[in-house]
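# Residue-level structural notes
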Amino acid sequence: MHRLSRPSVSAILRTRGSLHRAVAAAPIASSTPFSDSVLETDTRVRWFSILNNGRHNINGTSTQLILKNGLLLGSRRESTAAASENSDSPHPPAEKYEYQAEVSRLMDLIVNSLYSNKDVFLRELISNASDALDKLRYLSVTDSALLKDGVDLDIRIQTDKENGTVTIVDTGIGMTRQELIDCLGTIAQSGTAKFLKALKDSKDAGSDSNLIGQFGVGFYSAFLVSDRVIVSTKSPKSDKQYVWEGEANASSYIIREETDPEKLIPRGTRLTLYLKRDDKGFANPERVQKLVKNYSQFVSFPIYTWQEKGYTKEVEVDEDPVEAKKDEQDEKSEKKKKTKTVVERYWDWELTNETQPIWLRNTKEVTTEEYNEFYKKTFNEYLDPLASSHFTTEGEVEFRSILYVPAYAPSGKDDIINPKTKNIRLYVKRVFISDDFDGELFPRYLSFVKGVVDSNDLPLNVSREILQESRIVRIMRKRLVRKAFDMILGISLSENRADYDQFWENYGKYLKLGCIEDNENHKRIAPLLRFFSSQSEEEMISLDEYVENMKAEQKDIYFIAADNVTSAKNTPFLEKLLEKDLEVLFLVDPIDEVAIQNLKSYKDKNFVDISKEDLDLGDKNEEKEKVMKQEYGQTCDWIKKRLGDKVASVQITNRLSSSPCVLASGKFGWSPNMERLMKSQTVGDTSSLEFMRGRRVLEINPEHSIIKNLNAACKTSPDDEDALRAIDLLFDAALVSSGFTPENPGQLGGKIYEMMGMALSGKWLSAVEVPHLVGQPNHPETVEAEIVEPVEADGQK
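Rules used in this analysis
Residues numbered from 1 in each chain as written. Predicted model: local features only at pLDDT ≥ 70, side-chain atom pairs only at ≥ 80, totals over all residues. Heavy atoms only, no water. Helix = DSSP H or I, 4+ residues; strand = E, 2+ residues; numbered from the N terminus. Contact = heavy atoms within 4.5 Å. Areas by Shrake-Rupley, 256 points an atom, 1.4 Å probe, with all protein chains shown as cover. Pairing = 2+ DSSP bridges. Axes fitted to C-alpha atoms, helices over the stretch in contact; angles between N-to-C directions. Buried < 20%, exposed > 50% of the residue type's maximum accessible area, 1.4 Å probe, protein only. Parallel < 35°, antiparallel > 145°, perpendicular 65-115°, else oblique. Left-handed = near helix turned anticlockwise from the far one by under 90°. Nonpolar A, V, L, I, M, F, W, Y, C, P; charged D, E, K, R; others polar. Expected span 1.5 Å × (residues − 1). Salt bridge = Lys/Arg side-chain N within 4 Å of Asp/Glu carboxyl O. Patch = residues over 30% accessible without salt bridge, like charges linked within 9 Å, V, L, I, M, F, W, Y side chains within 5 Å. pLDDT = per-residue confidence, 0-100. Phe/Tyr/Trp six-rings, centres within 6.5 Å; stacked < 30°, edge-to-face > 60°.

An unreviewed UniProt entry lists the chain under the name Heat shock protein 83 isoform X2, from Tripterygium wilfordii.

So this is what it looks like as structure tokens:
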């Protein structure tokens with residue numbers, strides 16, 4: 001029989017015909033009942049085991065474990081005092097149980113379910129080695145005898161391709177026999193966490209700690225790639241060196257004293273991993289070196305890897321017999337020994353990591369060249385970044401970070417539509433965690449920003465691979481976004497305007513996407529936007545520059561959306577605004593219109609689309625409008641009756657000066673540009689959004705001769721076919737000039753040809769005489785068409 005210490009009661013062992021001891025905080029000793037002194041007041045422990053006859057034995061205040069068929073159950077505790085006092089109660093006394101765990105199943109979960117990437121095993125083991133070195137360094141401050149052997153504090157990794165092993169050696173604090181049982185024999189008990197707690201409880205504890213581990217499962221990541229793991233360790237507190245040996249699918253382990261003199265070490269721990277068949281590739285020195293550089297590049301202690309090296313040397317080459325004979329015949333020629341260059345191979349230790357991360361240094365001590373070199377090396381870039389920002393935040397959330405704006409935007413799969421990027425490398429206590437995030441640290445529209453973030457207290461899952469959602473992460477995200485905007489704002493305020501022009505060319509669309517996705521940061525995004533305008537067709541301007549140029553009486557910011565600057569500046573919607581010298585922004589990027597609509601206003605100035613109905617330019621004359629409505633009211637109704645459902649209404653407008661009419665959109669409907677974009681969507685179903693384009697208003701210019709003629713036709717000959725056809729053509733022309741796409745281009749062309757025929761009506765044919773040759777039949781000849789410029793009427797084309 002065996003006695004189990006209380007921390008191990010929760011362990012359940014499922015064995016195959018033999019008993020295995022639980023992974024416990026103490027070794028299994030001889031059978032001795034628990035003493036009442038170790039139990040809580042007024043409680044006693046009752047041990048149960050399921051027998052074939054279903055009985056259990058209780059001896060005094062404790063019971064011996066009854067083991068049969070390889071089953072071991074946990075303990076049940078109940079209050080004896082409560083039982084005696086309430087013996088007459090109809091309800092039985094409450095019973096308290098301890099959780100049970102099946103060790104083999106728990107190990108299986110750790111190995112096969114906890115980690116998503118096998119590569120992290122080396123990161124976890126190096127982190128453990130680093131913690132062991134940190135503990136030694138801290139304890140040696142008060143006990144210098146711990147460093148009496150004079151061994152350097154470092155980590156060394158050696159691989160053996162032939163035998164398929166990886167050996168990790170550290171010169172840290174090591175472990176005694178009891179510590180081996182406590183740390184490696186108890187799953188999820190972290191020696192580092194226990195050490196940190198002791199530091200915290202100590203009055204002399206330092207405020208800064210570089211210890212990494214916390215969950216107590218990092219060591220077991222070794223079984224991701226190993227069938228068997230051997231740990232040989234020597235603590236300066238012990239005269240003996242002990243060996244721990246365990247296998248991947250076993251629920252037991254072996255501890256023995258090291259007796260082989262060749263395997264003795266002065267201090268520290270040596271882990272030997274016997275790799276699985278499918279994971280022999282981890283025994284490749286280059287692969288190990290790559291993993292160290294990726295995950296543990298900035299661990300505080302030097303990490304050496306066993307690498308093959310070579311150097312060149314000259315060696316003599318035996319002469320060819322034929323050439324030697326010729327040399328003997330030629331007595332005058334000088335004999336020279338022939339040599340060749342060969343590469344001599346040898347193995348040696350190579351320093352793999354950098355022990356001082358650049359982000360931990362004082363910003364005043366780091367030069368721009370060092371920042372740029374770190375950027376190129378970390379992100380495999382060859383051009384210097386446009387800007388960088390190195391900062392430290394303190395308070396509720398503490399972290400250090402360096403952010404960069406690349407010189408050029410990514411291409412291919414790293415496009416703006418990709419929600420995941422690998423631009424932010426997250427470190428926790430200088431150990432790389434991940435660069436695969438989906439908006440946790442940076443929103444999608446700032447995914448072009450690259451950098452590193454290092455924090456000591458980020459909430460991670462047990463595998464340290466996933467950043468958990470929490471208030472700390474949200475606060476960190478806000479601060480990173482704010483710093484990113486400060487960095488971009490610095491580029492925009494640069495004396496060299498070309499810097500921001502380059503930035504905008506590459507990342508302008510990202511910021512416009514931010515207008516749509518991030519309402520909280522509109523005030524930071526808006527000053528960074530750039531647009532062409534009616535007064536700046538060659539050079540983009542900011543919204544601040546637009547506001548500065550506004551007229552004193554101007555209340556709104558006007559814009560027009562089009563597919564290019566040429567189309568925007570020739571639209572009839574601009575006519576009256578240009579006469580008043582009012583600046584209009586040209587939104588020529590497909591995303592511009594949606595971005596501006598999400599901004600809604602800037603510095604208390606509302607954005608107004610001049611292609612929408614009821615445009616107010618602040619110059620309304622109510623008396624004149626009243627007179628015009630009386631004069632043209634009947635004509636508007638006549639035109640509306642002819643056009644039917646094509647327009648919602650026909651109105652008099654004062655926004656036009658040279659055009660007879662314009663087709664405006666409803667206040668809450670699609671603009672011409674938006675309707676065109678929606679139609680062009682390859683998978684868009686515009687039929688379900690037909691109501692968005694349904695309201696169109698035909699606004700007519702009463703000062704134009706065409707409208708005056710139609711007004712006269714309405715009063716004298718409202719049923720005249722020519723007048724009705726003129727209305728149809730007028731609407732189609734307004735449709736095209738306003739930016740809409742005609743539904744039947746062929747029909748529109750037919751109407752234009754018909755009106756051209758009516759206008760020309762053989763005007764020049766009477767002046768042309770066609771000669772006929774004698775003796776030739778009088779066949780009509782083919783006359784080549786002539787391009788005729790439109791005829792001006794009342795000064796209008």
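Now, onward.
### So, the overall build of the chain
Along the backbone of the chain there are 20 helices and 29 strands. Contacts in the chain between residues far apart in sequence, at least 24 positions, make up 72% of those at least 6 positions apart. Accessible surface computed for the chain: about 44700 Å², of which carbon and sulfur atoms make up 48%.

### Topic: the pairing of strand β19 (residues 431-434)
Where strand β18 (residues 424-428) meets β19, 3 bridges bridge the pair, whose relative direction is antiparallel. Bridge pairing in β19 places V428 opposite V431. In this structure, the hairpin formed by β18 and β19 is closed by a connection of 2 residues, where K429 is found at a positive phi of approximately 55°.

### Observations regarding the sheet that holds strand β12 (residues 253-257)
What the 8 strands build is an open sheet, ordered β12-β11-β10-β13-β9-β8-β14-β15; its pairing is mixed. Strands with a single pairing partner mark the edges of an open sheet, and in this sheet they are β12 and β15 (339-351). Taking each pair of neighbouring strands and ignoring which way they run, the sheet shows an average axis angle of 20°. Bridging between strand β8 (residues 155-160) and strand β9 (residues 165-170) involves 6 bridges; their strand directions are antiparallel. Considered in β9, the bridge of R156 is made with V169. Running over the sheet, helix α4 (residues 177-184) touches β10 (226-234), β11 (241-247) and β12 and is turned about 25° from β11. Relative to the sheet, helix α6 (residues 285-295) contacts β8, β14 (303-316) and β15, its axis offset from that of β14 by approximately 130°.

### What to know about the side chain of T165
Relative to the elements of secondary structure, T165 occurs in strand β9. Exposure remark for T165: the relative accessible area of 9% places this residue in the buried category. Once you skip the residues sitting within four places of it in the chain, T165 turns out to touch Q158, T159, D160, T272, L273, Y274 and A283.

### So, the packing of helix α19 (residues 721-737) against helix α20 (residues 745-760)
At their nearest, the axes of α19 and α20 sit 10 Å apart, and the two run at 130° to each other. By the angle between their axes, α19 is oblique relative to α20. Remark: the crossing between α19 and α20 carries left-handed chirality. On α20, the residues that touch D722, R725, D728, L729, D732 and V736 of α19 are L748, K751, I752, E754, M755 and M758. The residue inventory of the contact of α19 with α20, partitioned by class, reads 6 nonpolar, no polar and 6 charged.

### Some remarks on helix α8 (residues 368-379)
Here α8 contains 12 residues, and its C-alpha end-to-end distance of 17 Å stays within 8% of the 16 Å for a straight helix at 1.5 Å per residue. Directly after α8, the chain includes N380, whose backbone phi takes a positive value near 55°.

### Regarding the pattern of salt bridges
Evaluation of the coordinates by the stated rule reveals 28 salt bridges. Among the ionic pairs, E537 bridges to K569, the shortest N-O distance being 3.4 Å. Of the two residues, E537 sits in strand β22 (residues 536-542) while K569 sits in helix α13 (residues 565-569), which places them 32 residues apart along the sequence. Owing to a relative accessible area of 30%, E537 belongs among the partly exposed residues under this scheme. Residue classification places K569 among the partly exposed residues on the basis of a relative accessible area of 35%. Taken together, the shared-partner salt bridges in this structure form one network comprising R497, E539 and E545.

### Quick word on the packing of helix α18 (residues 705-716) against α19
The N-to-C vectors of α18 and α19 enclose an angle of 145°; their axes lie 10 Å apart at closest approach. The way α18 lies across α19 gives a crossing that is left-handed. Contact residues: α18 offers I706, I707, L710 and A713, while α19 offers A723, A726, I727 and L730. Grouping the constituent residues of the contact of α18 with α19 by class yields 8 nonpolar, no polar and no charged.

### A closer look at the pairing of strand β23 (residues 556-561)
Counting buried residues in β23 gives 6 out of 6 residues, a clear majority hidden from the surface. The alternating pattern of β23 places D556, Y558 and I560 and I557, F559 and A561 on opposite faces, both of which are buried. Of the strand pairs in this sheet, β23 and strand β26 (residues 605-609) are connected by 4 bridges, and their pairing is parallel. Of the residues in β26, the one forming a bridge with D556 is N606. Here 4 bridges tie β23 to strand β24 (residues 584-587), and the two strands are oriented parallel to one another. Looking at the pairing, F559 lines up with L585 of β24.

### A few points about a nonpolar patch on the surface
Together, I752, Y753, M756, L760 and W764 give the surface a local cluster of nonpolar side chains, amounting to about 520 Å² of exposed area. Along the chain, L760 falls in helix α20.

### Side note on the sheet that holds strand β27 (residues 649-652)
The strands making up a sheet associate through hydrogen bonds between their backbones, and the pairing can be parallel or antiparallel. The 3 strands lie next to each other as β27-β29-β28, forming an open sheet whose pairing is mixed. With one partner strand each, in any of the chains shown, β27 and β28 (661-665) form the two edges of the open sheet. Averaged over all pairs of adjacent strands, the angle between strand axes in this sheet comes to 30°, irrespective of strand direction. Pairing between β28 and strand β29 (residues 696-700): 5 bridges, direction antiparallel. Paired with C661 across the strands is I700, a residue of β29.

### Regarding the confidence of the model for the chain
With 72% of its residues at a pLDDT of 70 or more, the chain has an overall mean of 77. A low-confidence stretch, residues 1-87 (pLDDT under 50), is modelled with 146 contacts involving residues beyond four sequence positions or located in other chains.

### Here's the deal with the packing of aromatic side chains
A complete count under the given rule lists 25 aromatic pairs for this structure. An angle of 45° between the planes, with centres 5.9 Å apart, marks the rings of Y375 and F379 as tilted. Taken together, the positions of Y375 and F379, both in helix α8 and 4 residues apart, correspond to about one turn of that helix. Across this residue pair, the class does not change: Y375 and F379 are buried.

### Observations regarding unusual backbone geometry
One non-glycine residue, R430, lies in the positive phi region at around 70°. Tracing the chain through its elements places R430 in the loop between β18 and β19. Looking at R430, the relative accessible area reads 6%, which means it is buried. The backbone of K600 sits at a positive phi, close to 70°, despite the residue not being glycine. When you line up the elements, K600 lands in the loop between α15 (592-599) and β25 (601-602). According to the relative accessible area criterion, K600 is exposed, its value standing at 59%.

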